[in-house]
Amino acid sequence: MTALEKLKELARLFEGEGIEDAAREAALLLTEILRISKTKLHSSPPDIGETMLEKIDSFAARRIHCEPMQYIIGHVDFWGLRINVGKGVLIPRPETELLVEETIRLMRMIARCKDEAVPRSVGLSILDLCTGSGCIALALAKEFPQSVVSGIDRSVQALAYASRNAEANGIGNVSFIEGDLFGPLRADASFDCIISNPPYIRRSDIPSLQKEIRYEPLNALDGGEDGLDFYRRILNEAPRHLKKDGLVILELGFDQAEDVYRLAVSQGFKDIRFVKDYAGIDRIFVVRFQEAM
Ligand SMILES: C[S@@+](CC[C@H](N)C(=O)[O-])C[C@H]1O[C@@H](n2cnc3c(N)ncnc32)[C@H](O)[C@@H]1O
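Rules used in this analysis
- Residues numbered from 1 in each chain as written.
- Predicted model: local features only at pLDDT ≥ 70, side-chain atom pairs only at ≥ 80, totals over all residues.
- Heavy atoms only, no water.
- Helix = DSSP H or I, 4+ residues; strand = E, 2+ residues; numbered from the N terminus.
- Axes fitted to C-alpha atoms, helices over the stretch in contact; angles between N-to-C directions.
- Parallel < 35°, antiparallel > 145°, perpendicular 65-115°, else oblique.
- Left-handed = near helix turned anticlockwise from the far one by under 90°.
- Contact = heavy atoms within 4.5 Å.
- Near = heavy atom within 4 Å.
- Polar contact = N/O pair within 3.5 Å; in protein donor to acceptor, adjacent residues only side chain to side chain.
- Areas by Shrake-Rupley, 256 points an atom, 1.4 Å probe, with all protein chains shown as cover.
- Nonpolar A, V, L, I, M, F, W, Y, C, P; charged D, E, K, R; others polar.
- Pairing = 2+ DSSP bridges.
- Buried < 20%, exposed > 50% of the residue type's maximum accessible area, 1.4 Å probe, protein only.

So, about the environment of Ser266. Checked against the element boundaries, Ser266 lands in helix 10 (residues 257-266). Counting along the chain gives 31 residues from Ser266 to Leu235, while the straight-line C-alpha distance between them is 9.7 Å.

Now the structure itself:
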């Protein structure tokens, strides 16, 4: 059987199982397993041997059981980095790249204030809470090579991926620490920027999530009864660990902007802003820390 014949068979199978983007997923599975480009798959498809066919079928069966494709192929592209993922670590989402983009924009502004001539070489201190695969911390560490980036997560499994991802991408200015939010930090540790994409799903919404999402670790999703537990804690503790004019930048669930705004105001934060995602939803929360809050 040729790879192109297998592609058609898989696309039909996935479509019949109600998988969105069936043709694209089938092509991704084949190009990854066969290690060929999409162009080669279509223009000069190789023959597939028996052993390889069995491997493809076993991967396809996992997909039909709703395991996310990123877990099956073992990685995802994020901000130009290859991020390894698997059971026990959240799959980085495209909307989180927006968090990275906004953080880079703001960090460049801060860096420019510190050193007009060479903004990208100025050392900034960045804390990524709930770092998971390390995708945010790594993207920022790569973008600001003179900066020191720390990523904290409670999950040992996730941190193993984060460290592996740092090594695989050759990024050295980042360290990953196990712990509960700010818990592992020294009392006097302070940062130019604290970022987080924390767990933010309402606990009661979890059972009705897409089957694919339920493959992901519960502790990466569960934001407590109202989904706001982590925002409460982060906004409460962040002022103790922010430099003057430091920033807190958080990813939000699709309907959480108003609640998080209220939380921030009740904590005394003033300079609050939201950034919309491509669907027009307030997705990123930004606040600047002024010492006299
Ligand atoms: C939504 S995921 C975000 C992962 C990654 N930053 C990303 O954007 O793809 C949330 C992460 O928070 C971690 N987490 C849950 N509770 C935590 C806690 N109390 N302290 C630190 N990390 C925690 C989970 O292990 C998970 O990796």
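Moving on, we get to the packing of helix 9 (residues 229-237) against helix 10. Running from N to C, helix 9 and helix 10 cross one another at 25°; their axes reach a closest spacing of 10 Å. Relative to helix 10, the element helix 9 lies roughly parallel. Once helix 9 is placed against helix 10, the crossing between them reads as right-handed. Here Tyr231, Arg232 and Leu235 of helix 9 lie close against helix 10, whose contacting residues are Val260, Leu263 and Ala264.

Turning to the site of the ligand, a few remarks are in order. Near the ligand lie 20 residues; those nearest to it are Cys130, Asp153, Asp180, Leu181 and Asn197. Between the ligand and Leu181 there is a distance of 3.0 Å, counted from a nitrogen atom to a backbone nitrogen or oxygen. In the environment of the ligand, an oxygen atom lies 2.8 Å from a nitrogen or oxygen atom belonging to the side chain of Asn197. Computed on the free molecule, the ligand has an accessible area of 600 Å², of which 97% lies beneath the protein chains in the complex. Split into classes, the residues belonging to the shell around the ligand amount to 10 nonpolar, seven polar and three charged.

Summarising the sheet, strand 1 (residues 75-78) and strand 2 (residues 81-84) pair through four bridges and their orientation is antiparallel. Within strand 2, the residue paired with His75 across the bridge is Asn84. Where strand 1 hands over to strand 2, the hairpin turn is made up of two residues, of which Trp79 adopts a positive phi near 50°.

For the rest of this paragraph, the subject is the environment of Ala160. Inspection of the secondary structure puts Ala160 in helix 8 (residues 156-168). The exposure class of Ala160 is partly exposed, given its relative accessible area of 48%. Note: C-alpha distance between Ala160 and Phe230 (70 residues apart in sequence) is 22 Å.

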